[in-house]
Amino acid sequence: MSDREFGGNDDLSLPKATVQKIVTEILQSEPGMTFAKDSRDLLIECCVEFITLVSSEANEIAEKDAKKTIAFEHVQKALEELDFHDYVPAILEVAADYKETQKNREKKQTKIEQSGMTEEELIRAQEELFRNATNKFHSEPTS
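Residues numbered from 1 in each chain as written. Predicted model: local features only at pLDDT ≥ 70, side-chain atom pairs only at ≥ 80, totals over all residues. Heavy atoms only, no water.

Undergrad: Hey, could you run me through the UniProt feature "domain: Transcription factor CBF/NF-Y/archaeal histone" (unreviewed entry) in the protein chain in this one?
TA: Under the UniProt annotation, "domain: Transcription factor CBF/NF-Y/archaeal histone" (unreviewed entry) lies at residues 13-79. Segment residues 13-79 splits into 72% helix and 0% strand. End C-alpha atoms: 21 Å apart. (UniProt positions renumbered as here; feature names shortened; annotations may be inferred. Helix = DSSP H or I, 4+ residues; strand = E, 2+ residues; numbered from the N terminus.)

Okay, structure coming up:
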């Protein structure tokens with residue numbers, strides 16, 4: 001399948017430097033082994049094609065489930081339906097790691113929490129701002 005079958009975009013790509021870094025890390029265990037630039041570009045095209053294929057299938061699965069967001073389960077099912085069963089254990093592991101990271105991540109404070117004011121104090125401050133704005137609006141001469 002080609003990008004054109006998915007309403008493709010020739011601008012779709014992956015960062016060459018990132019792909020080169022991944023390849024270089026893998027090749028460290030093979031002294032003297034190099035990876036040609038045209039091979040890297042081909043690898044990038046293959047990766048984009050793979051992502052397009054899996055995301056398209058996952059989208060169809062999500063639509064069948066009447067969902068507007070592609071969830072992990074849709075990606076897993078897409079891999080299975082496309083006969084990429086070997087990838088499922090790896091994505092299960094990545095998903096578990098991600099969920100654990102999210103649990104341990106510090107919760108960001110909202111602006112209300114950052115203000116250090118109680119809800120009542122915030123409401124009073126807001127009402128004062130409204131009064132000031134109303135007074136200013138009524139006191140200015142119109143042109």
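Undergrad: Explanation requested: the packing of helix α1 (residues 16-27) against helix α2 (residues 37-64) in the structure shown.
TA: Helix packing for two helices is described by the angle between their axes and how far apart those axes are. Two elements in contact, α1 and α2, have axes separated by 10 Å at closest approach and are oriented at 105 degrees. Between α1 and α2, the angle is such that the two are roughly perpendicular. Taking contact as the criterion, the partners of K16, V19, Q20 and V23 in α1 are, on α2, R40, D41, L43 and I44. Residues that form the contact of α1 with α2 fall into these classes: four nonpolar, one polar and three charged. (Axes fitted to C-alpha atoms, helices over the stretch in contact; angles between N-to-C directions. Parallel < 35°, antiparallel > 145°, perpendicular 65-115°, else oblique. Contact = heavy atoms within 4.5 Å. Nonpolar A, V, L, I, M, F, W, Y, C, P; charged D, E, K, R; others polar.)

Undergrad: Explain the packing of α2 against helix α3 (residues 72-81) to me, please; I cannot follow it from the model alone.
TA: At a minimum axis separation of 8 Å, α2 and α3 run at an interaxial angle of 115 degrees. Classified by the interaxial angle, the pair formed by α2 and α3 is roughly perpendicular. Two packed elements cross with a definite hand, and for α2 against α3 that hand is right-handed. For the pair α2 and α3, contact is made by F50, V54, E57, A58, I61 and A62 and by H74, V75, K77, A78, L79 and E81, respectively. A breakdown of the residues in the contact of α2 with α3 according to their chemical character gives eight nonpolar, one polar and three charged. (Left-handed = near helix turned anticlockwise from the far one by under 90°.)

Undergrad: Looking at this model, I keep getting lost on the pattern of salt bridges. Mind explaining?
TA: Here the idea is simple: oppositely charged side chains can pair when their charged atoms come close. Enumeration according to the criterion identifies four salt bridges in this entry. A salt bridge links D41 to K16; its shortest N-O distance comes to 3.9 Å. On the criterion of sequence distance, the pair formed by D41 in helix α2 and K16 in helix α1 is long-range, its members being 25 residues apart. By relative accessible area, which is 26% here, D41 ends up partly exposed. Residue classification places K16 among the partly exposed positions, given a relative accessible area of 44%. (Salt bridge = Lys/Arg side-chain N within 4 Å of Asp/Glu carboxyl O. Buried < 20%, exposed > 50% of the residue type's maximum accessible area, 1.4 Å probe, protein only.)

Undergrad: Which parts of the structure should I look at to understand the domain arrangement of the protein chain?
TA: Accessible area lost on assembly of the parts is the figure often given for the size of an interface. Domain annotation for the protein chain reports domain 1 (12-83) and domain 2 (88-142). Here the C-alpha centre of domain 2 lies 36 Å away from the C-alpha centre of domain 1. Listed by partner, the interface residues are four residues for domain 1 and four residues for domain 2. Looking only at domain 1, the three residues that lose the most surface to domain 2 are F72, Q76 and L79, adding up to 83% of its buried area. Summed over the shared surface of domain 1 and domain 2, the result is zero salt bridges. For the pair domain 1 and domain 2, the number of links is zero residue pairs in polar contact (both at pLDDT 80 or more). Along the lines of polarity and charge, the residues of the side of domain 1 that touches domain 2 split into two nonpolar, one polar and one charged. (Domains from an automatic or database assignment. Buried area = accessible area lost by both parts, 1.4 Å probe. Polar contact = N/O pair within 3.5 Å; in protein donor to acceptor, adjacent residues only side chain to side chain.)

Undergrad: I'm lost on unusual backbone geometry in this one. Help?
TA: With the exception of glycine, the majority of residues adopt a negative phi angle, and the majority of peptide bonds are in the trans configuration. A positive phi is found at A66, a non-glycine position, where the angle reads about 60 degrees. Note that A66 resides in the loop between α2 and α3. Phi angles above zero are rare outside glycine, and D83 is one such case at about 65 degrees. On the secondary structure map, D83 appears in the loop between α3 and α4 (88-104). Accessibility expressed as a relative area gives 60% for D83, which makes it exposed.

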